[in-house]
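Commentary on secondary and tertiary structure
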Amino acid sequence: MSRLLSRRNVLGAWVAATAAGTVRLATAGGGGDGGASLASASVSTDHAAHLGHSGTVETVANEVTAAPPVTPFSVPLPVPPTLAPTSTTADTDFYEITSRTAAEEILPGFSTEIHGYGGSYIGPTIKAKVGRRVVVRHTNQLPHPTAVHLHGAHVPASSDGFPTDVIDTGATKTYEYPNNQPAATLWYHDHAHHHETENIYRGLHGFYLLEDPAEAALNLPSGEFDIPVLLSDANIDADGQLVFISLDEYGRTTLLTNGRPAPYFQVQARRYRFRFLNASNMRVFNLVLGRQERFTQIAGDGGLLPAPATVDKVLLSAGERAEIVIDFSRYAPGTQLVLNNTRNLNDPSRPVALPVLRFDVVARVGQDTSAVPATLRAHPPLPAATRVRDVVLSYHTAAFPFAINGMLFDPNRVDYTIRRGSTEIWRITNPVTPVAVYHNLHLHLVQFRILDRNGVPPGPAESGWKDTVFVAPGETVRIQATFTEYLGKYLYHCHVQDHAGTGMMALFETVA
Ligand SMILES: [Cu+2]
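Residues numbered from 1 in each chain as written. Predicted model: local features only at pLDDT ≥ 70, side-chain atom pairs only at ≥ 80, totals over all residues. Heavy atoms only, no water.

Scanning the protein from terminus to terminus reveals seven helices and 31 strands. Within the protein, counting contacts between residues at least 6 apart in sequence, those at least 24 apart form 77% of the total. (Helix = DSSP H or I, 4+ residues; strand = E, 2+ residues; numbered from the N terminus. Contact = heavy atoms within 4.5 Å.)

Our next topic: unusual backbone geometry. It is generally the case that most residues other than glycine have a negative phi and that most peptide bonds are trans. Look at His194: it is not a glycine, yet its phi comes out positive at around 70°. Summarising the element assignment, His194 is placed in the loop between β8 (184–190) and α5 (196–201). With relative accessibility at 60%, the residue His194 sits in the exposed group. In this structure, Ala262 takes a positive phi of about 40° despite not being glycine. By secondary structure assignment, the location of Ala262 is in the loop between β12 (260–261) and β13 (264–268). (Buried < 20%, exposed > 50% of the residue type's maximum accessible area, 1.4 Å probe, protein only.)

What follows deals with the sheet that holds strand β11 (residues 254–257). Ordered in space as β12-β11-β10-β14-β19-β16-β17, the seven strands form an open sheet in which the pairing is mixed. Edge positions in the sheet fall to β12 and β17 (303–311), since each has one partner strand and no second. (Pairing = 2+ DSSP bridges.)

Right, let's talk about the coordination of the copper ion for a bit. For the copper ion, every protein donor is listed as His439 (ND1), Cys494 (SG) and His499 (ND1), and the spread of their distances is 2.1 Å. The sequence pattern formed by the donor residues of the copper ion is H-x54-C-x4-H. Owing to a relative accessible area of 0%, Cys494 belongs among the buried residues under this scheme. The exposure class of His499 is buried, given its relative accessible area of 1%. (Donors = N, O, S within 2.8 Å, 3.2 Å for Na, K, Ca; no water.)

So, about the packing of aromatic side chains. For the coordinates displayed, the defined rule picks out 24 aromatic pairs. Considering the side-chain rings of Trp426 and Phe508, the 6.1 Å spacing of their centres and the 85° angle between planes classify their relative orientation as edge-to-face. Of this pair, Trp426 sits in strand β25 (residues 423–429) while Phe508 sits in strand β31 (residues 505–511), and the two are 82 residues apart along the sequence. We note that Trp426, like Phe508, is buried. Among the aromatic residues, those joined into a cluster by ring pairs are Phe225, Phe265, Tyr272, Phe274, Phe276, Phe328, Tyr331 and Phe359. The ring of Tyr175 has Lys173 sitting right over it, with the charged end atom 5.0 Å from the ring centre. Taking the ring centre of Phe225 as reference, the NZ or CZ of Arg270 above it sits at 3.5 Å. (Phe/Tyr/Trp six-rings, centres within 6.5 Å; stacked < 30°, edge-to-face > 60°. Lys NZ or Arg CZ within 6 Å of the ring centre and 35° of its normal.)

Before going further, it helps to examine the pairing of strand β6 (residues 148–151). Because side chains alternate across β6, one face comprises the buried residues Val148 and Leu150, and the other comprises His149 and His151, equally buried. Note: β6 against β8, four bridges, orientation antiparallel. Bridge pairing in β8 links Val148 to Asp190.

Attention shifts here to the pattern of salt bridges. Counted according to the given criterion, the structure contains 28 salt bridges. Between Lys173 and Asp165 there is a salt bridge whose closest N-O contact spans 3.5 Å. Classification of Asp165 as partly exposed rests on a relative accessible area of 28%. Note that Arg252 is salt-bridged to Asp498, the shortest N-O span being 3.1 Å. Of this pair, Arg252 sits in the loop between β10 (226–234) and β11 while Asp498 sits in helix α7 (residues 497–501), and the two are 246 residues apart along the sequence. For the pair Arg252 and Asp498, one class covers both residues: buried. (Salt bridge = Lys/Arg side-chain N within 4 Å of Asp/Glu carboxyl O.)

Limitation: the analysis is restricted to geometry and does not speak to function.
So, in structure tokens, the structure goes:
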């Protein structure tokens, strides 16, 4: 008994320390996390210049934070509803989604204007099955163009949400998804040229969960014990409204978990599956449970790992996903476990504790018949690569900021022509000079595998299929992909959305 009590006290220490009053979320340690760097001095110079400020990062963060104070863990975690098809046939499910302006209570007591799929800050979840086609008719009732990209999906170019293939205000476009890839946590979000960063920031994002019988047969936690969690951040003004400023990494100080500030979630003392998505614009999340409790990672961007990995953190750059299983039967009912983002914007080597979500453990109802098998999904050897390409992600000057191989995005320029069916190795480099800023790289059309990072093979958490890979300053990451089936022009880009939106994006074209 005393052991359990002391454990609860340890895990609840942060809560006790802050329960007496309100705290401003996510400002501990001088701000959130976005373009973390190896050299904090250079990142200060870099981003202070963008924001039009001089001086230290801490000064900038304090100046731009105006969000109303919020008591952590004062609202429950909402789970986005699953969208019902409007009709089904033997092989296809049909859906309809309208993008529109709406009001949502993101901070308690404030009505915030959002731009959302179905009028929600997080769009409805689409549950798709491998082998069954999904057709989504999107209507745009927003005052600017949209384009819907299904992130991580293997789809024809005509349904990939190309930046200039937009849905104008009042118009409708139909997207077809074949779902001919393994089960994975995908997400849909805006990609309209010059609008996508603000569109996503204001709420154009949602989950698309692809399921298959092989995964279902594993008996992982399912149904009400399988929870998608979208992580984002926001610059919220004193009136509770979303403020969008490009490259505003230090101003987006409110962390949102399924669209709420540091919510709580009641869990039974049993296993749960959580599908975490970093849908933020620039922030890196490093999720740590309690005082570095262990849990099990089962999947990355492209679905299940070869085998479960025991981890004590989850690192997600913008656009990445990780699925974990937490077995709460290890904790006595009454235990409160806080999931924190420990990534310090100003210095990743100095962890902070920014609350993301609190789990409140209650007694289990009925049996927990779920399992986490020792093997999850076979990952056959990759075909041999026939081509190696170099992709350099770099910051240049304030006038010419975020480029790939020294070039800004041009929707009419194709940089790589790739023969359909061929396998390539891409060597992605993020040089430290002239300015150290973190980037990542997202490829459309394909899932890839990470070969190595600075020559070192990836750890278990990055050993499965990926569509977005973190590339820290000074790193070179090699990935390998096979470009199958569909022909056309596809994007590859940094998924730090303000980087992509200001030019860090390019095209490859698959040809017969
Ligand atoms: Cu970038």
